[in-house]
Amino acid sequence: RHPIINSAYSPQDGGGTLFKKDINIAMAVAIDGGLITPTLNYANERPVAELAENWKELVGKAKSGTLTPAEFTTGTFTISNMGMFGVTDFGSLLSEGQGAILAVGATQDAVVPCSQSILGLKKARKMTITLTCDHRQIYGADAALFLRTLKSIMENELDKVSA
């Protein structure tokens, strides 16, 4: 829906946008001595269940130091989830050759307005996500539209994604 988010800046011929056909999602994994980003290649062509199985395999390889370069250098978009460590919000640094990285924070209980409840409030789980973009080709409005779509999917269509 938002191909600009899966693009990269290319300095060739005075600079421009390189649109990438395949969506290769790199996900940050903490390892002894640092961080590595195993990549779920062709995520746009594969079912979620297959991606989940592949992810388990890639994490195992990352922890054992047996990833091949093709398994950690081909990302077109990165996700960093420090929420699993209890971090509620943070920003991520963008890798060269990618247009964006999504930082995912931990979920937290929050009180939110609710017109159906007696007191007008309800308890909900909320999380902060932050998108860092290369503004040479991805403008703030592009990022906002992507985040709006992601929010809608997370709030209204998650059951469809995981099916």
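Scroll up for the structure.
Residues numbered from 1 in each chain as written. Predicted model: local features only at pLDDT ≥ 70, side-chain atom pairs only at ≥ 80, totals over all residues. Heavy atoms only, no water.

Concerning the sheet that holds strand β6 (residues 39–40)
What counts is decided by this rule: One bridge is not enough; two strands pair if DSSP finds at least two bridges between them. Only DSSP runs of H or I reaching four residues or more are called helices, and only runs of E reaching two or more are called strands; each is numbered from the N terminus.
Taking strand neighbours across the sheet as the criterion, the 5 strands line up as β6-β3-β7-β8-β11 in an open arrangement whose pairing is mixed. Each edge of the open sheet carries a strand with a single partner, namely β6 and β11 (129–133). As judged from the 2 bridges shared by strand β3 (residues 25–27) and β6, these two strands associate in the antiparallel manner. Bridge assignment links alanine 26 to a residue of β6, and that residue is threonine 39.

What to know about the nonpolar core
Rules: The term nonpolar core refers to a set of buried residues drawn from Ala, Val, Leu, Ile, Met, Phe, Trp, Tyr and Cys, joined through side-chain atoms within 4.5 Å. Burial classes: relative accessible area under 20% of the type maximum marks a residue as buried, over 50% as exposed, and values in between as partly exposed (1.4 Å probe, protein chains only). Any two residues whose heavy atoms approach within 4.5 Å are treated as being in contact.
Of all hydrophobic cores here, the largest spans 12 residues; its members are Ile4, Ile5, Phe77, Ala100, Leu102, Val104, Leu131, Cys133, Ile138, Ala143, Phe146 and Leu150. Counting only elements with at least two residues in this core, the list comes to β8 (100–104), β11 and α2 (140–162). Excluding residues that lie within four positions of it along the chain, alanine 143 makes contacts with Ile5, Leu131, Cys133 and Ile138. With 10 residues, the next largest nonpolar core counts Leu40, Leu58, Ala62 and Leu67 among its residues.

Topic: the pattern of salt bridges
The condition that has to hold: We define a salt bridge as a contact between a side-chain nitrogen of Lys or Arg and a carboxyl oxygen of Asp or Glu at a distance within 4 Å.
In total, this model carries 9 salt bridges according to the counting rule given. Of the charged contacts in the structure, one is a salt bridge between lysine 21 and aspartate 22, with a shortest N-O distance of 3.6 Å. The class of lysine 21 is exposed, set by a relative accessible area of 68%. With relative accessibility at 19%, the residue aspartate 22 sits in the buried group. Connected through shared salt-bridge partners, Glu57, Lys61 and Glu71 make up one network.

Here we look at helix α1 (residues 48–64)
Applicable threshold: Helix span, as expected, comes to 1.5 Å for every residue beyond the first. The arc in question is the one traced by the directions running from the helix axis out to the C-beta atoms.
For α1, built from 17 residues, the straight-helix expectation of 24 Å at 1.5 Å per residue is met to within 8% by its first-to-last C-alpha distance of 24 Å. Those residues of α1 lying buried are Leu51, Asn54, Trp55, Leu58 and Ala62. One side of α1 carries all its buried residues, which in axial view fall inside an arc of 110 degrees. The exposed set on the far side of α1, more than 90 degrees from its buried face, consists of Ala49, Glu53, Lys56 and Lys63. On the buried face of α1, the contacting elements are β3, β4 (29–31), β5 (34–36) and β6. Glycine 65 occupies a position one or two residues after α1 and carries a positive phi of about 75 degrees.

Read these as spatial facts, not as claims about activity.
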